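Chain by chain, the residues run as shown.
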Amino acid sequence: MKLLSYFRGEAFQRGVHPPGCKHTADTRIRRLPFAPRLIVPLSQHIGRPSQPIVRVGEEVLRGQPIAAADGWLSVPQHAPATGVVEAIELRPSARGPWTECIVIRVYEASTQEVLWGTPQDLDAFPPQDIVLAVQRAGMVGLGGAAFPSHAKLTVPEGAKVETLVVNGCECEPYLTCDHRVMVEQARDLMVGIRHAMRATGAQRAIIGVEDNKPAAAEAMRRALPPGSEIFVEEVPTKYPQGSEKMLITALFGVEVPSGKLPLSLGMVVNNVGTLAALGRLLPAGQGLIERVVTVTGPGVARPGDYRVPLGTPISFVLDYAGAPAQARQVILGGPMMGQSVASLDVPVTKGVSGVLVFRGEDMAGREGRRSYPCIKCGECVESCPMGLNPSMLGMLAARREYDAMGEQYHLGDCFECGCCTYTCPSNIPLVQQFRVAKQILREKAVA
Amino acid sequence: MTAPTRTEIRSAPHIKGPRSVEQIMANVVYSLLPICAFFVYQYGISAAASILVVTASCLLAERAFVRTGTQAGSLSDFSATITGLLLALTLPPGFPLWMGVVAGFSAIALGKALFGGIGFNVFNPALVGRAFVQAAFPAAIATYTPSFLPGRFTQFIPSSLAWPLMAPADTAAWLKAMQFDALASATPLAKWKFEGTLTAAGDLLTSLAGHMAVGPSPVLILACGAYLALRRFMDWRIPAAVLGSAGLTAWLIFALGGTKYPDPFFMLFSGGLILGAVYMATDMATSPVTPRGMWLYGALIGVLTVVIRYYSGLPEGVMYAILIGNAATPLIERITQPTPFGKGAAIRARKSASYTLHPDYISREEAGAKTPKKRFFKNKPKQ
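The structure displayed is predicted, hence computed values, not measured ones. (Residues numbered from 1 in each chain as written. Chains lettered and ligands numbered in written order. Predicted model: local features only at pLDDT ≥ 70, side-chain atom pairs only at ≥ 80, totals over all residues.)

## Quick notes on the overall build of chain B
Within chain B one finds 17 helices and zero strands. In chain B, which comprises 383 residues, the share counted as buried stands at 49%. For chain B, the share of sequence-separated contacts (at least 6 apart) that also reach a separation of at least 24 residues comes to 74%. (Helix = DSSP H or I, 4+ residues; strand = E, 2+ residues; numbered from the N terminus. Buried ≥ 20, exposed ≤ 12 C-beta atoms within 10 Å, placed from the backbone. Contact = placed C-beta atoms within 7 Å.)

See the structure below:
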């Protein structure tokens, strides 16, 4: 299989094939009820935290803006449910133990209807106004990075965007939220693509889907508006195809130059979840107040994709989905790059694509593994999508030669996909060492 | 409330591939078993005793060094078993057993424990052990016996049972009693080097044609190697490079030098080249990790093997070629680092791609268009 793709030059080079475990791919998206209290962090995105515009004790409507963007690289927050602002205080979130959050006590029998929003005719908007509308909606990349969408859709002066690449790969095992969105919200997605194309001035849009989701590709093909320059392309399944640079290589056979953005090749990449949400929110003039989250894991009684109001505590989500009491690890995101959380009071934020629960026995296989010194088998070199030499980097990290890692062995190109650690037969925590090394180099650069 | 009460924090990735050191090493051992069985079939109980004694000596030495904290690893990782089996396969079947113990011990002590154990060794331990006994017991290691002797399953080759520190019994006299001439116990390589007689490559390939003093069949070794390569427990590039470069060098010299040199097939299938290329050169710890480095390393070993065989006083050169290749590995790795994504010439579009880049951007890229990376921060409106 690997050899075949090597000769045909398919997809991107290297990478790994973890078992898909996409058990929830065929269940419809269901709605989660409101938790009694919703905790909306002011910083759910990359960039500056938003500024609260409500006061403690104030009543808020579902969909009402409760925090304004602070500058360009920032987005507003909206109330996910009707209720009363109970507090604006420091609470634990996935970003850290103390982050500023707006706590809303939800009124009982609060309706699911969005009560705030002014429908707008986007086709009459010039491109820069669409971008502003995207910012007003509080949109960030829903794939996991949570980079503000309006900043991504802004074409800098002198640059020109020719292609909008729509990322429907969802290469992380277990996660199916993008898959379900592609199947169930294909029409919303097309609307979102159309607006994004107008905002960026792209001539065509290409939706890249991994070939393990034929239902999604089929649904999107059926939803394609006639005569449009939107294409659906199935790419061979491989991790980490969801990385935008890997997807561009899989589609176009070119490599985005190191240290540059896809924009340098005239491309803008957006996640399907993001564009589908845009397609639903922009025409209605609403803000982002809920997202689709995959709740799964071995032993979860009711796994599935849930439409979760932002700010819902993880404990409420787990309770509703029937997580086993003996769960020992709760991961936000997928198993390859997700973050495990210390506290179950942490809320679901805009960047959370999945809640994955592992029991003790699911971890046993991994924990029982012995660690060996590097036997230089070369598996990591064969799996690194960025073409680095993790074996050498790991040895340098053990010797604390961080400068050599950065200068001679291109540590800066590592995007922490975890392929090296996944394949390492010696059970060496390679990517973990690289994270430490990168942090140390960053601190050195500042000092 | 069924939600969990106690959670743990770990760093991503949270799942792990199926591959482990034990699994790799165990599969190498499995693939060596048919080869060992063939060796026993060829030489009888002497070969069996040699394999057992050498492997046991390696395991005991490993155990001792791990126990004393001299080296990392453990017996259960099977790496010492591989060293023992390979070492036994490179020794003559009638090699005195006490010398086999010395070989096994020195393989682990000098080849592995000295450097810190599994993964840290610079040289292939089995070859270090063999090099040690080749220097220590040059006569014994050059004494081969013909295969498929009658009564090989009931009778030891007399030299096997020599007392420690005593000279082994004379095998030539024993063979004479069995109506074999002295030439029969010379290896095909020695015959070619010192007598000028060539053995047919086809006979060498199977090791089954009569009473030849050869190791296990190259065909069998290649088949076992193919199993490992297909299951990706071994990198196919190294044997391909070793055999390719050895064959090419031998063919070039054969084509230019004429009758003075043997044909390339004889070179490939005689001696320990196949065993060395498939099992010794591919030892993970001592070969490069970079794909281009593997080709270079294999090619170096192949050329050196032929050069040593042709131009040195020794009939066999695989061992020294691989040891030199091992020594060159860090250097080879340094000059063959992989090209990172987006830094190489591959920025040009692949032809089989589904979509083509707009021509404007290809030219823009070549003209060195600027990245607007920091722009978002620069344009930020002042508060």
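## Structural notes on the pairing of strand E12 (residues 267–271) of chain A
Walk down a regular strand and you will see the side chains alternate between the two sheet faces. All names here are of chain A. Of all five residues in E12, five are buried; the element is thus mostly enclosed. A two-sided burial pattern is seen for E12, the buried positions comprising Met267, Val269 and Asn271 on one face and Val268 and Asn270 on the other. Where strand E9 (residues 163–168) meets E12, five bridges bridge the pair, whose relative direction is parallel. Directly across from Val165, in E12, lies its bridge partner Val269. (Pairing = 2+ DSSP bridges.)

## Remarks on helix H7 (residues 244–252) of chain A
Residue and element names in this part refer to chain A. Of all nine residues that make up H7, nine are buried, and the element is covered over most of its length. Every buried residue of H7 is listed here: Glu244, Lys245, Met246, Leu247, Ile248, Thr249, Ala250, Leu251 and Phe252. Against the buried residues of H7 lie E9, strand E10 (204–210), strand E11 (230–235) and E12. Trailing H7 by a residue or two, Gly253 shows a phi angle of about 70°, which is positive.

## Some details on the sheet that holds strand E2 (residues 37–41) of chain A
Residues and elements named next belong to chain A. What the four strands build is an open sheet, ordered E2-E8-E7-E4; its pairing is antiparallel. Two strands in the sheet have a free side with no partner beyond their single neighbour: E2 and strand E4 (59–60). Alignment of E4 against strand E7 (residues 83–93), held across two bridges, turns out to be antiparallel. Pairing of Val60 across the sheet is with Gly83, part of E7.

## Brief notes about unusual backbone geometry
Note that the residue after Tyr239(A), namely Pro240(A), is joined by a cis bond; omega there is 0°. Along the polypeptide, Pro240(A) turns up in the loop between E11 and H7. In the segment running from Ala12(B) into Pro13(B), the intervening peptide bond is cis, with an omega of -5°. Even without glycine at this site, Cys21(A) takes up a positive phi of about 55°. Looking at the element boundaries, Cys21(A) is found in the loop between helix H1 (2–8) and strand E1 (30–31). On the basis of neighbour counts, which here come to 19 C-beta atoms within 10 Å, the residue Cys21(A) falls in the partly exposed class. The backbone phi angle of Ala109(A) is positive, close to 65°, even though this residue is not glycine. Here Ala109(A) lies in the loop between strand E8 (96–106) and helix H2 (127–136). Assessed through the 7 C-beta atoms surrounding it within 10 Å, Ala109(A) is described here as exposed.

## Section: the domain arrangement of chain A
Residue and element names in this part refer to chain A. Along its sequence, chain A is carved into domain 1 (2–25 + 118–284), domain 2 (32–117 + 287–363) and domain 3 (379–446). The gap between the C-alpha centroids of domain 1 and domain 2 is 24 Å. Contacts between domain 1 and domain 2 engage 31 residues on the former and 32 residues on the latter. Of all the elements in the fold, those that place two or more residues in the side of domain 1 that touches domain 2 are H2, helix H4 (177–184) and helix H8 (272–284). Sort the elements by how many residues they give to the side of domain 1 that touches domain 2 and H8 lands first, with four residues. Residue composition of the side of domain 1 that touches domain 2, grouped by class: 19 nonpolar, nine polar and three charged. (Domains from an automatic or database assignment. Nonpolar A, V, L, I, M, F, W, Y, C, P; charged D, E, K, R; others polar.)

## Focus: the domain arrangement of chain B
Residue and element names in this part refer to chain B. Taken as a whole, chain B is organised into domain 1 (21–143 + 145–185) and domain 2 (186–337). Computed over C-alpha atoms, the centres of domain 1 and domain 2 are 20 Å apart. Facing the 29 residues of domain 1 at the interface are 27 residues of domain 2. Listing elements by their share of the side of domain 1 that touches domain 2, those giving two or more residues are helix H1 (21–43), helix H3 (79–90) and helix H5 (125–136). Considering each element in turn, the side of domain 1 that touches domain 2 owes the most residues, nine residues, to H1. Taken together, the residues of the side of domain 1 that touches domain 2 break down into 18 nonpolar, 10 polar and one charged.

## A closer look at the environment of Ile274(B)
Residue and element names in this part refer to chain B. Position of Ile274 relative to the elements: it lies in helix H13 (residues 273–280). On a C-alpha basis, the gap between Ile274 and Ala186 in space is 19 Å, while along the polypeptide they are 88 residues apart. Setting aside its immediate chain neighbours within four residues, Ile274 contacts Pro218, Ile221, Leu222 and Phe269.

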